Amino acid sequence: MKKVLVIGSGALKIGEAGEFDYSGSQALKALREEGIYTILINPNIATVQTSEGVADKIYFLPVTPFFIEKVIEKDKPEGILLSFGGQTALNCGIALFKSGVLDKYNVKVLGTPVQSIIDTEDREIFADNLRKINIKTPRSIAVISIDDALKASETLGFPIIVRAAFTLGGQGSGFCYNRDELLKLAANAFSYSSQILVEESLKGWKEVEYEVVRDCYDNCITVCNMENFDPLGIHTGESIVVAPSQTLTNREYHKLRSLSIEIVRNVGIIGECNVQYALDPDSEDYRVIEVNARLSRSSALASKATGYPLAFVAAKLALGYGLHELKNSVTKTTTAFFEPALDYIVVKIPRWDLNKFIGVSKEIGSSMKSVGEIMAIGRTFEEAIQKGLRMVGQGTHGFVGNSDIEFPDIDQALSAPTDMRIYSIASAFEAGYTVDRIHDLTKIDNWFLVKLKSIFDHMVKLKTFNHVEDIPAGLMRKFKQKGFSDFQVARFVNKTPGNLHSEMLLVREYRKSLGIVPYVKQIDTLAAEYPALTNYLYLTYNGSAHDIAPERDNKSVIVLGSGAYRIGSSVEFDWCSVNALTTARNEGYRGVMINFNPETVSTDYDMCDRLYFDELSFERTMDIIEMEEPKGVVVSTGGQIANNLVMRLHGQNVPILGTAPESIDNAENRHKFSSLLDTLDIDQPRWKELVEIEQIYDFVDEVGFPVLIRPSYVLSGAAMNVVSNRQELDFFLQLAARVSKEFPVVVSEFIQNAKEIEIDAVADRGEIIAYAISEHIEFAGVHSGDATIVFPAQKMYFETARRIKRISRDIARALNISGPFNMQFLARDNDIKVIECNLRASRSFPFVSKVLKINFIELATKIMLGIPVEKPNKSVFEMDYVGIKASQFSFSRLQKADPVLGVEMASTGEVGCIGENYYEALLKAMLSVGYRIPEKNILFSSGDARSKIELLISARMLVKRGYTLFATHGSAKFLEDNGVPVTALYWPDESGTPNTLEYLKSRKIDLVINIPKNLSKTELYNDYEIRRAAVDFNIPLITNARLASAFIYAICKLKPEDIAINSWDEY
Amino acid sequence: MTDEITAKLILEDGTVFEGISFGRETSVAGEVVFNTSMTGYPESLTDPSYAGQILVATYPLIGNYGVPEAVLSDGVPDYFESERIQVTALIVSDYSAEYSHWSAKLSLGDWLEENHIPGLYGIDTRELTKIIREKGAMMGKIVFGNHDPGFHDPNLDNLVAGVSTDKVITYGNGSTRILLVDCGVKYNIIRHFLKRDTTVIRVPWDYDYSSEKYDGLFISNGPGDPKMCEATINHLTESLKQDIPIFGICLGNQLLALASGADTYKLKYGHRSHNQPVLQCGTNKAFVTSQNHGFAIDTNSLGSDWEPFFINLNDGTNEGIRHKSRPVFSVQFHPEASSGPTDSEYLFDEFLKMVRGED
């Protein structure tokens, strides 16, 4: 085997996130170690795997059978790996296998055979196979019609669960308690799959999973088992999960373990497989509920939880190695054929961003809504869960001490789980509920509840003190062992809300004076049985000695990571962190990483010299800094979490690498930044800080609606809104004030129909060394994280570019920037206003770095380390290609959410594609985020007059290309009046036929263009219904007129066959 | 947050750990050993091979699912590996006094108390394990107040005599008769034989079984230095002169080797875990095994009629031997598991095939 094609998973989406960057990167490393030439298809330009030196050849192309075939045809790989790119890659592989493409080009599928995968994916075949070897699956009836689904429900009796076959993370699945719910859910499930399953409900059973590995010699191991804190009924991606299992006896553990091995042998896995069980909480009865014959989110978690590199090993096994022929990559001396022994507990907690969406239900259940996750490590459950709840980054301080969380109906909050359920347990204790009562309402195992109760009881104890110095040493140690942060201690002793920073410092000083400090422990896969030179570390108070001694040689560079993936901060910051580490290491420094996101490459212990898998809080960061005594800390590559720590770290005299903390504060602080702009004579939209409500009204009278309101210190536009009238203003002011009390709310003039332009740059002591100017296709008003971005900017005046350069140069000089920064501008005509400035790497750094082929982070890191750099001698004018970054939305996962774009970011991922021209790049990018070239019928429903006019030319082009247009009344009339043939459809709330909804449900429409009338969030029911139906029935939807017309131009100009199959290095 | 009784764990190298008592408050001494398994404390604690040892659990959260009730099946209690706790003491990091499981009857602490066994928690068991790993086998004592029991090396005792049966016991009524020499047998070995249509005749470790009627001979696991079991070795030497199918596990493996003329030695800190990888010699077949031993066979001392059967993939130590021509083999690991992985259970079938001449 000399040449192998690896299929990536594309843009990050709910159910398929950064874990596949990690698994793909590991697979590529394993292949290249064998001297194999590797080819990767993945349009996700922000990933580590699509970086130079990770694969030999990289295609930023859509992960679809069409494009994979083109690449196979061109590069003629001998082998293909399908199991490292999630369900997306697997589905493509199955399609290529079934269509005979793999045979035709003689491409060998490495690892688990495709037929085995198909057999696990078809639930009925799978259940039959297991029945033959006497392994139990839930009683289940596969149906292909709604009538049969109803019949099946009569056989099984309600409640039942409905699942769609062949979908990502439970899409189209759910529980039904009655016939009506079944009808609804089945209709939805059939929109994803031609086959659905009606199954017995096992609600309340324990959910347990195993990660199993098998080699071609039939040797099997289970690397890890995991137990869900939340019982069955909540998707494992939505559950708090612990590893290893905590409430299983040896018999249960090994019964399920040996069943897993039996299943994996039966299926014929070569590589990795995940088996999920339901386990009766009152007996040893069980059901196998799911098998994933590929690397999964759980396997990434298991790798991080144990230190066992599952993806790396799976790739080696796919090449024909036996497990016993490979080494344990942590100890380097013992074998890879073993099952890790943990001497700690890990807790995984999902991160939701449901507040970002309008209309979405907060309840969690059998389909996945979370956008990321964290992993916390401790030596007690209490320590790990409290760490974990802080890591999630939703502003909570642990299990207790979250004064702003209230539940009007605790019983409801306990029994109908939402993203906040864990906190309702704390409220229940507060209200005097017993563990048994909470168990009755939640079915969460008493063991977990007793541990949570112990945290609560310690809080009660803590509250009996009024001065920190009164807490005896023994008790203080116990609080820390139960995972209490210094902040929590300060809050309970001081009994006041607020940020309590100085009180927290007092707690810190006091406990240090008592000698109460955390200890560094290694994750070594063998529970200290064998010596290991492992650099994979965590901190705990449940210990009495360090495993390693800090070097304190001024050679360590600490890079602060980006934490949980969430809307607004994702794999792009992981790429930045990894590149900062790599650069520091290449320059002879010890690269030290702090991060806690198991879905990342930055938390791969091979990427750094020391990995602290721990909190990015002030407290924990200081603990590590005090031990390591580093040369300095890089705060500018990890997004906003790291950036927000700057001033507090600076307050402790921590050496911050790069731009001075004062400068960062000058950019982050709106007042300071605004007066800086005034001094430099740089224009900005008029704005005012909220002090008194009457002044705001006066200000709005002055600038006129719409206005943008937002708190300071935001990243993804949390609580940022455009309001168009007084009523909306009042509502959102209230909302914003609740988001952040410490920082004032700002109201700004909102400029409509302005172009949005960004600059990503690196400066050295105030002088710009490298920069990239890109433009948004959408007009301002669409969050830059959701916008479609073109680099180099193609449709911008030269004068605009010149002004932007000058402004950036002035600001870089004024703030004496050393390192990465990003600015955003509004441009109307040649009138430029600055709207945002971040003295850190931005979301688009990997995109512009890879398109321009200049690694901005490498440059920035060298500058931060004081290493002289030269200005890259490269001009965008020499580039004969265009890069376009498009956003991936996950609205199909978020039932009822309005899939519309606004100033609040909603996308979960992105791709970046390169084309010979604007339209080719755009088409590649749009196809990469799930758009399809429409076959025949297109629905127009275009908001205001301006967007109607914008789309008129597009409509004419479509008609000329033979498309059939449909439109809602207003748009239809407009098109007819302008001589475009169109069929009018009734609005969803009208009774007439042909009706829009009916057309969508029967999939007579191939593309929906629905443009909201204005930017406010109070959209009309009808438009919402159309957008939602498009998403629910998996019909591509565009809600922005500028993007719609660009896409239509692209599909009218280019056929799929016209798209160049060029790898990155061919541009 | 009730009143806590503390006690010290003192190692012979002078290291002192302070822990909180959750079992019987009594000072004891023994060899400190660690086990890295993550489940199975009721099984491990009742494993007679732990006799004389202060057991350190490297997995920090212990006691979670309590302790089940002893229900007898075929004269053998479910869930337990002997009729009492065999360890001298138990050391853990985080103890769950409140347990949760449908099968649980009492807490681990109450069970230790009932069995007069001390238990300590709140100790950095990882640090303790590292000390044992670095310095090798280590004597230790648990000291409550000023009751110092002094250090004591249990390997100098005949531990087997203390855990073996004192009379012949017959289990089951199957067609094949297995003579089981009990050096501290785990009940799951008996369960495994009984599941396979056998009658098990369990005899004391030093019992002269030459006049017993049986089809196959089994030598059990057990505690301590195999060289202490002179009587067993002598009986085995006799048996090896005849063409009897023999199977040994753990201590049984070492005893068979000694009877064949080979030698054994003490490992630095032994193998005690559920994740010991072994490879069947001359094949690509690997197994994850449960182990609990401090002594091993010196492979180089094996006679010419013998060959290594399994080796440990981590440290290359011997994991089993077999006779080159006769139906005699033994393994260092525990195919009966309990606690631990069950992957090598097939060895019982292999042995019974030999016994029944089914090959």
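Everything quoted here is computed from the prediction, not taken from an experiment.

(A) Representation of helix H21 (residues 618-628) of chain A within the structure. All names here are of chain A. In terms of burial, H21 is largely enclosed, as 10 of its 11 residues are buried. Those residues of H21 that fall on the buried side of the exposure criterion are Phe618, Glu619, Arg620, Thr621, Met622, Asp623, Ile624, Ile625, Met627 and Glu628. Directly beyond the C-terminal end of H21, a positive phi value near 45 degrees is found at glutamate 629.

(B) The nonpolar core, seen in detail. Of all hydrophobic cores here, the largest spans 363 residues; its most connected members are Phe381, Leu452 and Phe940 of chain A together with Leu108 of chain B. Those residues in contact with leucine 108 of chain B that lie beyond four places of it in its chain are Phe22, Tyr41, Leu45, Ile62, Gly63, Val67, Leu90 and Tyr95 of chain B. Of all hydrophobic cores here, the second largest spans 31 residues; its members include Trp352, Phe966, Ala1029 and Leu1037 of chain A.

(C) Broad picture of the sheet that holds strand E33 (residues 909-915) of chain A. Residue and element names in this part refer to chain A. Spatially, 7 strands are ordered E31-E30-E27-E28-E29-E32-E33 in an open sheet, and the strand pairing comes out antiparallel. Strands at the two margins of the open sheet, each flanked by one partner only, are strand E31 (831-838) and E33. The average undirected angle you get between the axes of adjacent strands in this sheet is 25 degrees. Contacting strand E27 (755-764), strand E28 (767-779), strand E29 (789-791), strand E30 (819-828), strand E32 (882-888) and E33, helix H28 (residues 845-852) runs over the sheet at an angle of about 30 degrees to E29.

(D) Just the interface of chain A and chain B, in detail. Of the residues lining the interface, 62 residues belong to chain A; the matching set on chain B comes to 57 residues. For the pair chain A and chain B, the summed buried surface comes to about 4,700 Å²; carbon and sulfur atoms form 51% of the total. Contact with chain B buries area across many residues of chain A, yet Asn250, Arg379 and Glu529 of chain A alone supply 15% of it, more than any other trio. Between chain A and chain B we count 9 salt bridges in total. Of the charged contacts, one joins arginine 126 of chain B and aspartate 343 of chain A as a salt bridge, the two residues approaching to 2.8 Å between their closest N and O atoms. Across the contact surface, chain A and chain B share 32 residue pairs in polar contact (both at pLDDT 80 or more). Of all elements in the fold, only strand E11 (220-228), helix H9 (250-267), helix H12 (381-391), helix H16 (446-463) and strand E17 (519-522) of chain A reach the threshold of two or more residues within the side of chain A that touches chain B. Among the elements that make up the side of chain A that touches chain B, the one with the highest residue count is H9 of chain A (8 residues).

(E) Inspection of the pattern of salt bridges at higher detail. All names here are of chain A. One pass over the full model with this rule turns up 90 salt bridges over all chains. A salt bridge links arginine 163 to glutamate 199; its shortest N-O distance comes to 3.0 Å. Separated by 36 residues along the polypeptide, arginine 163 in strand E7 (residues 160-164) and glutamate 199 in strand E9 (residues 196-200) bring together distant segments of the chain. For arginine 163, a relative accessible area of 14% puts it in the buried group. Across the pair glutamate 904 and lysine 356 runs a salt bridge whose closest N-O atoms are separated by 3.6 Å. On the criterion of sequence distance, the pair formed by glutamate 904 in the loop between E32 and E33 and lysine 356 in the loop between strand E15 (345-351) and strand E16 (372-378) is long-range, its members being 548 residues apart.

(F) Expanded view of the pairing of strand E34 (residues 937-942) of chain A. Residues and elements named next belong to chain A. In terms of burial, E34 is largely enclosed, as 6 of its 6 residues are buried. The side-chain alternation of E34 yields two buried faces, one formed by Asn937, Leu939 and Ser941 and the other by Ile938, Phe940 and Ser942. Bridge count between E34 and strand E35 (residues 964-968): 4 bridges; the pairing is parallel. In the sheet register, isoleucine 938 faces E35, and the bridge partner there is leucine 965. Taken together, E34, helix H31 (residues 945-960) and E35 constitute a β-α-β crossover, and its handedness is right-handed. Inspection of the sheet shows E34 paired to strand E37 (residues 1007-1011) by 5 bridges, in the parallel sense.

(G) Main features of the sheet that holds strand E38 (residues 1037-1038) of chain A. Residue and element names in this part refer to chain A. An order of E36-E35-E34-E37-E38 is seen for the 5 strands of this open sheet, with the pairing classed as parallel. Only two strands of the sheet have a single partner each, and these edge strands are strand E36 (983-985) and E38. Direction of pairing for E35 relative to E36: parallel, over a ladder of 3 bridges. When the bridges of E36 are listed, alanine 967 appears paired with alanine 984. Set on the sheet, helix H34 (residues 1021-1032) makes contact with E34, E35, E37 and E38; between it and E37 the angle comes to about 150 degrees.

(H) Spotlight on the domain arrangement of chain B. All names here are of chain B. One can read the domain layout of chain B as domain 1 (6-156) and domain 2 (159-356). For domain 1 and domain 2, the distance between their C-alpha centres works out to 26 Å. In this complex, domain 1 contributes 38 residues to the contact, which on the side of domain 2 involves 29 residues. Three residues, Ser49, Glu81 and Asn155, lead the burial of domain 1 against domain 2; their summed loss comes to 24% of the area buried on that side. Applying the counting criterion to the domain 1 and domain 2 interface returns 2 salt bridges. Its salt-bridge partner being arginine 191, residue glutamate 81 comes within 3.2 Å of it at the nearest N-O pair. Where domain 1 touches domain 2, the interface holds 16 residue pairs in polar contact (both at pLDDT 80 or more). Counting residues per element, the ones that place at least two in the side of domain 1 that touches domain 2 are strand E3 (28-35), helix H1 (41-45), strand E8 (76-77) and helix H3 (125-135).

(I) Expanded view of the packing of aromatic side chains. Residue and element names in this part refer to chain A. Considering all chains together, one arrives at 46 aromatic pairs over all chains under this definition. Plain terms: the ring middles of tyrosine 277 and tyrosine 286 are 6.3 Å apart, the flat faces sit at 75 degrees to each other, and that makes the pair edge-to-face. Per residue, the accessibility class of tyrosine 277 equals that of tyrosine 286, and both read buried. A ring pair is formed by phenylalanine 484 and phenylalanine 492, whose centres lie 6.3 Å apart and whose planes are at 75 degrees; its orientation type is edge-to-face. For the cation-ring pair, arginine 437 lies above tyrosine 433, with the distance from its terminal atom to the ring centre recorded as 3.9 Å.

(J) Quick peek at the side chain of glutamine 49 of chain A. Residues and elements named next belong to chain A. Summarising the element assignment, glutamine 49 is placed in the loop between strand E2 (37-41) and strand E3 (57-59). Looking at glutamine 49, the relative accessible area reads 1%, which means it is buried. There is a polar contact of 3.2 Å between the side chain of glutamine 49 and the side chain of asparagine 42. In this structure, glutamine 49 is in contact with Gly8, Phe20, Asp21, Gly24, Ser25, Leu28, Leu40, Asn42, Val54, Ala55 and Ile58, ignoring residues within four places of it in sequence.

What counts as what
- Residues numbered from 1 in each chain as written.
- Chains lettered and ligands numbered in written order.
- Predicted model: local features only at pLDDT ≥ 70, side-chain atom pairs only at ≥ 80, totals over all residues.
- Heavy atoms only, no water.
- Buried < 20%, exposed > 50% of the residue type's maximum accessible area, 1.4 Å probe, protein only.
- Helix = DSSP H or I, 4+ residues; strand = E, 2+ residues; numbered from the N terminus.
- Core = buried A, V, L, I, M, F, W, Y, C linked by side-chain atoms within 4.5 Å.
- Contact = heavy atoms within 4.5 Å.
- Pairing = 2+ DSSP bridges.
- Axes fitted to C-alpha atoms, helices over the stretch in contact; angles between N-to-C directions.
- Buried area = accessible area lost by both parts, 1.4 Å probe.
- Salt bridge = Lys/Arg side-chain N within 4 Å of Asp/Glu carboxyl O.
- Polar contact = N/O pair within 3.5 Å; in protein donor to acceptor, adjacent residues only side chain to side chain.
- Right-handed = clockwise from strand over helix to strand, strands pointing away.
- Domains from an automatic or database assignment.
- Phe/Tyr/Trp six-rings, centres within 6.5 Å; stacked < 30°, edge-to-face > 60°.
- Lys NZ or Arg CZ within 6 Å of the ring centre and 35° of its normal.

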